[in-house]
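Breakdown of the fold
Read off the chains here:
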Amino acid sequence: EAPAPILELLFEGVPEVAVEGFRVESVTHNQVNFRWTPHNRSESLEGYRIRVSRDGLHFSTAVEVPVEAFNEAGDWVATSSAAVENLPDGRYWFDIIMLGRSGPSLYFATIGPLWIPNVAGEVTGLGIESVTEGAVLLTWSNPAIPVIGWEVAFSADSAPASSPVFTAEPRFNVTGLQLGPVYTFF
């Protein structure tokens, strides 16, 4: 019987595809939150590595996450998000690779450049462009510093605020509103 090819031996246990759906979920003044599509579980996949670069060429490990972890409800689920924290202001590139039993994948997904501002900045020029039944289109001015997006939330009367929604454009259509309550947007 012929011996197995060397390449198959070298890469056994190493994921042979790139992570799919790698995207930015939100950005603050010192942190970027990422999300991706969890890979189909295989015995060789052990986790993910997000790397960071200031020049887009030289990357170093920022965070490693296991392929599965406990969620808030205590269930064991596929990992599909991570945060890179403590970033000073500046321009960054990020990539993500899968970690296999025998080492990291040779395939990666990249995002960048992203600008991490040293302050979150104040939203200016907030206005209402249009109102329709159950919805309002909010718009605001672009700041002088580069940003990749905003989080929009609202509350009705004195109710708790909604979960923030990320938008990359200086406009957002808030839907699901009802007649009667006084809404506050932030």
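What counts, and at which threshold
Residues numbered from 1 in each chain as written. Predicted model: local features only at pLDDT ≥ 70, side-chain atom pairs only at ≥ 80, totals over all residues. Heavy atoms only, no water. Helix = DSSP H or I, 4+ residues; strand = E, 2+ residues; numbered from the N terminus. Contact = heavy atoms within 4.5 Å. Pairing = 2+ DSSP bridges. Axes fitted to C-alpha atoms, helices over the stretch in contact; angles between N-to-C directions. Salt bridge = Lys/Arg side-chain N within 4 Å of Asp/Glu carboxyl O. Buried < 20%, exposed > 50% of the residue type's maximum accessible area, 1.4 Å probe, protein only.

Okay, the environment of alanine 161 next. Mapped onto the elements of the fold, alanine 161 is located in the loop between β13 (154-156) and β14 (165-167). A sequence separation of 25 residues divides alanine 161 from phenylalanine 186, and the C-alpha atoms of the two residues are 9.1 Å apart. The residues touching alanine 161, leaving out its near neighbours within four places in the chain, are Phe154, Ser155 and Phe186.

This brings us to the sheet that holds strand β9 (residues 103-116). Overall, antiparallel pairing links the 4 strands, which are arranged β4-β3-β8-β9 in an open sheet. In this open sheet, the two strands that pair with only one neighbour each are β4 (60-66) and β9. The sheet shows a mean angle of 20° between the axes of neighbouring strands, direction not considered. Judged from the 8 bridges that link them, strand β3 (residues 45-53) and strand β8 (residues 90-100) form a sheet pairing that is antiparallel. Looking at the pairing, valine 52 lines up with phenylalanine 94 of β8.

So, about the pattern of salt bridges. Per the counting criterion, the structure on display carries 4 salt bridges. Across the salt bridge formed by glutamate 25 and arginine 35, the nearest N and O atoms sit 2.6 Å from each other. Of this pair, glutamate 25 sits in strand β1 (residues 20-27) while arginine 35 is found in strand β2 (residues 32-37), placing the two residues 10 residues apart along the sequence. The shortest N-O distance in the salt bridge between arginine 51 and aspartate 95 comes to 2.6 Å. Separated by 44 residues along the polypeptide, arginine 51 in strand β3 and aspartate 95 in strand β8 bring together distant segments of the chain. Note on aspartate 95: relative accessible area 0%, which makes it buried.

To continue, consider the environment of glutamate 151. In this structure, glutamate 151 sits in strand β12 (residues 150-152). Residue glutamate 151 is classed as partly exposed on the basis of its relative accessible area of 44%. The sequence separation of glutamate 151 and phenylalanine 186 amounts to 35 residues, and the corresponding C-alpha distance is 8.2 Å. Excluding residues that lie within four positions of it along the chain, glutamate 151 makes contacts with Ser26, Pro164, Val165 and Phe186.

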